[in-house]
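The chain contents come next:
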Amino acid sequence: MINILFFIESLSGGGAEKVLCNLVNAMDKERFSITVQTLYPEAVKEKLAPGIKYKYCYPAKNRMTDLLMRTEAALGLTYPLHIKDGYDIEAAYLECGSTKIMAGSTNKKALKLAWVHCDLKKKAGNVDKFIKNTAVHYKKYDSIVCVSEDVRKSFIEMYGMAEKVVTVYNCYNDNEVVLKADLPVLESAFDKEMYKKELMVVAVGRLTAQKGFDRLLRIHKRLEDEGIHHQLRILGEGEERKSLETFIKQNELGDSAALCGFQNNPYPMLKCADLYVCSSLYEGFSTTVVESLILGTPVVTTDCTGMREILGDSEYGLITANNDEAFYEGVKRMLTEPGLLENYAEKAKLRGKDFKCERLVRETEAFFEAELRKKRGE
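Conventions we followed
Residues numbered from 1 in each chain as written. Predicted model: local features only at pLDDT ≥ 70, side-chain atom pairs only at ≥ 80, totals over all residues. Heavy atoms only, no water. Helix = DSSP H or I, 4+ residues; strand = E, 2+ residues; numbered from the N terminus. Rg over C-alpha atoms; globule rule 2.2 N^0.38 Å. Buried < 20%, exposed > 50% of the residue type's maximum accessible area, 1.4 Å probe, protein only. Core = buried A, V, L, I, M, F, W, Y, C linked by side-chain atoms within 4.5 Å. Contact = heavy atoms within 4.5 Å. Salt bridge = Lys/Arg side-chain N within 4 Å of Asp/Glu carboxyl O. Expected span 1.5 Å × (residues − 1). Pairing = 2+ DSSP bridges.

Caption draft 1: Region of interest: the overall build of the protein. If you tally the helices and strands in the protein, you get 17 helices and 13 strands. A globule of 378 residues ought to have a C-alpha radius of gyration of about 21 Å, and the protein, at 21 Å, matches this closely. Projecting the C-alpha coordinates of the protein onto the three principal axes gives extents of approximately 65 × 45 × 40 Å. Across the 378 residues that make up the protein, the buried fraction comes to 55%.

What follows is the structure, encoded as C-alpha cells:
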C-alpha cells in the first residue's frame, strides 16, 4: 500500500481543484492510501469519495488564522507543524502557495512532486523576479509534473531542470459529466425558450483577468451591434465581477449577456450551448474545453497553452490567435458560417472519447509507482 498525500490550499473553485478530486476519487484504494489536505476546513463530503482521508491545517479561516498561516508559511513551519506524517509520496498539487509549503517537507524518504497547471511564464508579472523567488522551492522536488507539453516546455525554459520535468495529463470524470449534463437546469438566466430563437454561447471560469472575459464582452457587443444576435452566459465568480457587470450595464447588454455566478453543475448549460468559448490570455490544459468536447459542444478558443494538444491544428475546435481581433473573427465565423457549428460538434464528440477517466487514472497511478521505485533505487 502506497501512502500518498495531495496538498492543495483549497478544494473550492477552479479546474485544478476539480481534476484533483477526479483523480483521487478514481484511484485504486487497494493500492493507494490517499490523504487530501487543505489549509482550512471545507465541506468535502460531496467532493471526495469514501475511503479518502481529509485533513486541514488550521481550524477556521479568519483574520487571526490567516495571519498565522502567512507567518508560518514564510518561516517554512507549515509542514513540520501541520502536515508531518510519514507519507511515501507528497504532492503539492498547485503552483505557488502549495509548492512553497510542501518544499518545507522534512520527510527525507518521501517522493516529492510539484504539480504545475499553467504556463508560469505568462502567469508571472516580472518573470526574472518570479524565477528568483520560486526556483529555490522547485529544486527541492524530485519531479515537476506539468499538465501539458506546452506547460512542460515553458517550465524548462524558465528553470531548466529538464531531467525531472514530466507531463502527466489531467483526469476527467467523463461519466459524471455526461450524467450531470442531463439534470435539470436551476440557473434562472437559462431560458430554453429563448435559445430556440437565438444561439447560445457559454464561457466558464473564474472572473479574473487571466480568463479574458472583458474582451469576450467587447466582442459580444461588437457582434450584437452588427446584428449577429446571440445569448452569452458566463459561469463563474471572482474579483472581476463588478467591472464586468459595469460593462454590461453601460453598454445595455442586459438582454443578451449575463454573469451566472459559480455553478455546482455547469454541465446542462454546457451541453445545451451552441458554442463554448475560451477567451483566456493563458491556460495550462483547459478542463472546460475538454468537458465541452466530452459533451459534443463546439469550441472556439484563443491559442493559449495546451489548446493544440487538445484540439490539434483547429481539427477538433477552432483556435484563433490570442488577440481581440482574431478572436472576434473566430467567434463570428462560428456563429455565421453555415454548417461550421455542426461540423465541429461532430469533431468534438469524436475527440471527447479520448478523455476517458479510466485510462488517464491508470496512467497516473503507473507514474506514481515508477517514480517511487526510482526514488527508492529499486
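Caption draft 2: Quick peek at the nonpolar core. In terms of nonpolar packing, the biggest core is built from 99 residues, with F6, F155, Y159 and F368 touching the most fellow members. F6 has contacts with L20, L23, V24, M27, I34, T35, V36, Q37, A91, Y93 and F368, leaving out every residue within four places of it along the chain. Core analysis: the next-biggest nonpolar cluster, separate from the first, contains 28 residues, L318, F327, Y328 and M334 among them.

Caption draft 3: Local environment of the side chain of S98. Here S98 is to be found in helix α4 (residues 97-102). On the basis of relative accessibility, which here comes to 0%, the residue S98 falls in the buried class. Beyond its immediate stretch of four places on either side in the chain, S98 contacts F7, I8, E9, A92, Y93 and Y141.

Caption draft 4: Looking closely at the pattern of salt bridges. By the definition in use, this model includes 34 salt bridges. For E149, the salt bridge is made with R152, and the minimal N-O distance between the two is 3.0 Å. With E149 and R152 both in helix α7 (residues 149-159) and three residues apart, this pair spans about one turn of that helix. Salt-bridge contacts for E176 lead to K180; the nearest nitrogen and oxygen are separated by 3.4 Å.

Caption draft 5: Up close: helix α10 (residues 213-225). With 13 residues, α10 should reach 18 Å at 1.5 Å per residue; the first-to-last C-alpha distance of 18 Å fits that figure. Those residues of α10 lying buried are F213, R215, L216, L217, I219, H220, L223 and E224. Positive backbone phi, approximately 85°, marks G227, located one or two places after α10.

Caption draft 6: Seen up close, the pairing of strand β1 (residues 2-7). Burial runs high along β1: five of the six residues are buried. Pairing of β1 with strand β2 (residues 32-38) involves six bridges; the strand directions are parallel. Paired with N3 across the two strands is S33, which belongs to β2. As paired elements, β1 and strand β4 (residues 89-92) share four bridges and run parallel to each other. By the bridge assignment for β4, I4 is matched with I89.

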